[in-house]
Amino acid sequence: MEQSRAVVIGAGVGGLTAAAALHRRGWFVTVLERAALDPSGAGIALAPNAQRALDTIGLGDEVRASAAWQGGGGLRTPGGRRLARMDGAAVAQRFGGPVVLLHRATLVDLLLSRLPEGCVHTGAPAELTDPGDARRPARVATADGEREADLVVGADGVHSAVRRALFPGHPGPRYAGFTTWRVVVPAPEHPFEPHETWGRGRLWGSQPMRDGRVYAYAAAFTPPGGHAPDGEKAELLRLFGHWHRPVPDILAAAEPGAVLRHDVRAMTASLPAYHRGRTALLGDAAHAMAPTLGQGGNQAIEDAVVLAHHLSPYAADPAADPGGALAAYTRDRLPRTMDVVRRSARAARAISLAGAPAVALRNAAVATATRLAPGLLLRGFDGIADWAPPGTPARAPRQPS
Ligand SMILES: Cc1cc2nc3c(=O)[nH]c(=O)nc-3n(C[C@H](O)[C@H](O)[C@H](O)COP(=O)(O)OP(=O)(O)OC[C@H]3O[C@@H](n4cnc5c(N)ncnc54)[C@H](O)[C@@H]3O)c2cc1C
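Before going into details, it helps to say that this report is about the structure given with it. (Residues numbered from 1 in each chain as written. Predicted model: local features only at pLDDT ≥ 70, side-chain atom pairs only at ≥ 80, totals over all residues. Heavy atoms only, no water.)

## Here's the deal with the layout of surface pockets
In this model, the second largest pocket occupies a volume close to 210 Å³. Ala176, Ala266, Thr268, Ala345 and Arg349 are the residues nearest the centre of the second largest pocket, which is lined by 15 residues in total. For the lining of the second largest pocket, the elements supplying multiple residues, two or more each, are strand 13 (174-185) and helix 11 (323-352). Here the lining of the second largest pocket gets 7 residues from one element, more than from any other, and that element is helix 11. Tallied by class, residues from the lining of the second largest pocket come to 9 nonpolar, 2 polar and 4 charged. (1 Å grid on protein atoms, 1.4 Å probe; cavity = no way out; pocket = protein on both sides within 12 Å on 5 of 7 lines; lining within 4 Å. Points joined across faces, edges and corners; volume = space filled by probe spheres on them. Helix = DSSP H or I, 4+ residues; strand = E, 2+ residues; numbered from the N terminus. Nonpolar A, V, L, I, M, F, W, Y, C, P; charged D, E, K, R; others polar.)

What follows is the structure in C-alpha cells.
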C-alpha cells in the first residue's frame, strides 16, 4: 500500500500533536526540529477542549493521569485579599471536565510515545522552499538536502518562517504590550492555595503540579526587548518580592538560571488562510495569541487533530490533491482561533490597568460581580473550553449560570 508523506516543521506542542494525529491516520511522518525537544522548564494548562482533542489520539486519559487538577483557588490582590473564588468543580461541571496542569516535558514525552522511533529529528532546521500544489509535491530544504512531501505542516511557532513564505505580505504578530516569566520550583514549605494575583499592570500565578513542584508565571506591562542586567530572578524580586505568600517563597526557591522570560506577541490581523498549496500552518505560526486565557497550546492541539481529521482520506493516496481537505481545515480553524485571539487580547486589557483608581474600580467590579453571579469568570471560556473535535459528540448546551 502506498503511504503519503508529511513533513512537520517544528516539534512544539502543535507539531508533535499533528505528527501523532497524522501517524494515527496512516501518514508517514517526519518531524524536523531545529533545537532540542522542549527545552522550556514550564507548565502548561490544558482545558477540556484540548483534552477532548487528545482523546482522539488516545492520550486524554494519560494526560489527565499525569496532571494536577487546577482545583479551587483564588483571584487575589498583591496584599493577599481574595477578590473571587475559582471553583474547579464548577469548571468541570460547566465544560465537561477540569482544567489540568502538567509539566511541558511530560506532555512532550506522552506525544513522543505515540510516534514511531526515529521520526523526530532534532538539531534539524528546515526551510519551506515550495509549498507544492495539486500536481506537485511540496519541498523542504534541510542540512541533508531537499525533501519532497505530499504535505508540509508549518508548526514553527510565533516567528514562523513558513508563515512568511506562504503569506509574505502579512504583517505577522505584534508585541502585545507585556512580557512574561515562568519558573518551576520545589514546593515551598508553607502550604498555599493556588492563586492568580492581579496588581497594577502586573500579574502572578502559582499552581501546584502533580509531582509536588510548583509552576509559577508572571506578567508585566513594559516596553518590549527588556532584559534585567542582573538576571530575571532579580527582576522578579523587584517587581513581585513584596507580594503575598507564596510569591516570596517561590522566588526564594527559584534557580536564577531557570527563570524564563518571553515578550508576548499576538496576531492582530488574521491570515487570509491557514494553508497554501500542500502546506498547512498551525499553532502560534497561524494565530499567536496572548496567554491570558491559557489557550495558545490548547488551540494548537485542536488545530492538529482537525487537520489530521480532514487529511485522513489522503493517507494512502499520495497522488491525490489534498486542496479540498486543507480548505476545509482553514474553514474550521480560522474563525474559531481568531475569536480566541481576540478574546485573549480583551482579557489582557483587564490586567493591563495600572492607574490606582482604575485598578480599584476593576477589583470592586470583579469582587461584586462574582459574588452576585459565581459563574461569571467562567463565562469567558464559553464557546472555548466546551469545544469537541469533529466526529465526536458535541457537548450538551450549558444551563445559564
Ligand atoms: C507565559 C506563557 C504561558 C502560557 N501558558 C499556556 C498554557 O497554560 N496553556 C496553553 O495552552 N498555552 C499556553 N501558552 C501558549 C503556548 O506556550 C503556545 O501557544 C504554544 O507553545 C504554541 O505551540 P506551537 O507548537 O505552535 O509553537 P512552539 O511551541 O513555539 O513550537 C515551535 C517549534 O518550532 C521550532 N522551529 C522554529 N523554526 C524552525 C525551523 N526553521 N526548523 C525547525 N524547527 C523550527 C522551534 O524550535 C519550536 O520548537 C503560554 C505562553 C506563555 C508565553
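## Re the sheet that holds strand 7 (residues 100-103)
If you trace the 3 strands from one edge of the open sheet to the other, you get 3-7-4, paired in antiparallel fashion. Each of the sheet's edge strands pairs with one partner strand only, and the pair in question is strand 3 (43-46) and strand 4 (68-69). Alignment of strand 3 against strand 7, held across 4 bridges, turns out to be antiparallel. Each residue of the ladder has a partner; that of Leu46, found in strand 7, is Val100. (Pairing = 2+ DSSP bridges.)

## Notes on the packing of helix 2 (residues 48-55) against helix 10 (residues 296-311)
One can describe the packing of helix 2 onto helix 10 by two numbers: an axis separation of 9 Å at closest approach and a directional angle of 30 degrees. The angle between helix 2 and helix 10 falls in the class roughly parallel. Pair helix 2 / helix 10 crosses with left-handed handedness. Here helix 2 contributes Asn49, Ala50, Ala53 and Leu54 to the contact with helix 10, which in turn contributes Asn298, Gln299, Ile301, Glu302 and Val305. A breakdown of the residues in the contact of helix 2 with helix 10 according to their chemical character gives 5 nonpolar, 3 polar and 1 charged. (Axes fitted to C-alpha atoms, helices over the stretch in contact; angles between N-to-C directions. Parallel < 35°, antiparallel > 145°, perpendicular 65-115°, else oblique. Left-handed = near helix turned anticlockwise from the far one by under 90°. Contact = heavy atoms within 4.5 Å.)

## Here's the deal with the site of the ligand
Taken together, 29 residues lie around the ligand, and Gly14, Glu33, Arg104, Asp284 and Asn298 are the ones closest in. The contact in question runs from an oxygen atom of the ligand to an N or O atom on the side chain of Asp284, over 2.8 Å. For the ligand, an oxygen atom lies 3.5 Å from a polar atom in the backbone of Gly296. Where the shell around the ligand is concerned, the elements lending two or more residues are helix 1 (13-24), strand 3, strand 13 and helix 10. (Near = heavy atom within 4 Å. Polar contact = N/O pair within 3.5 Å; in protein donor to acceptor, adjacent residues only side chain to side chain.)

## Looking at the environment of Ala388
As for its position among the elements, Ala388 is in the segment after helix 12 (356-372). Residue Ala388 is classed as buried on the basis of its relative accessible area, which comes to 19%. Separated by 339 residues in sequence, Ala388 and Asn49 have C-alpha atoms that sit 6.2 Å apart. Every residue in contact with Ala388, bar those within four places of it in the chain, is listed here: Arg52, Pro393 and Ala394. (Buried < 20%, exposed > 50% of the residue type's maximum accessible area, 1.4 Å probe, protein only.)

## Here we look at the sheet that holds strand 16 (residues 214-221)
The sheet built from 7 strands is open, its strands ordered 6-5-14-15-16-13-17 with mixed pairing. For this open sheet the edge positions go to strand 6 (82-86) and strand 17 (260-266), each flanked by a neighbour on one side alone. Strand-to-strand twist in this sheet, taken as the mean axis angle between neighbours without regard to direction, amounts to 20 degrees. Here strand 5 (residues 73-76) pairs with strand 6 via 4 bridges, running antiparallel. Across the sheet, residue Leu75 finds its bridge partner in strand 6, namely Ala84.

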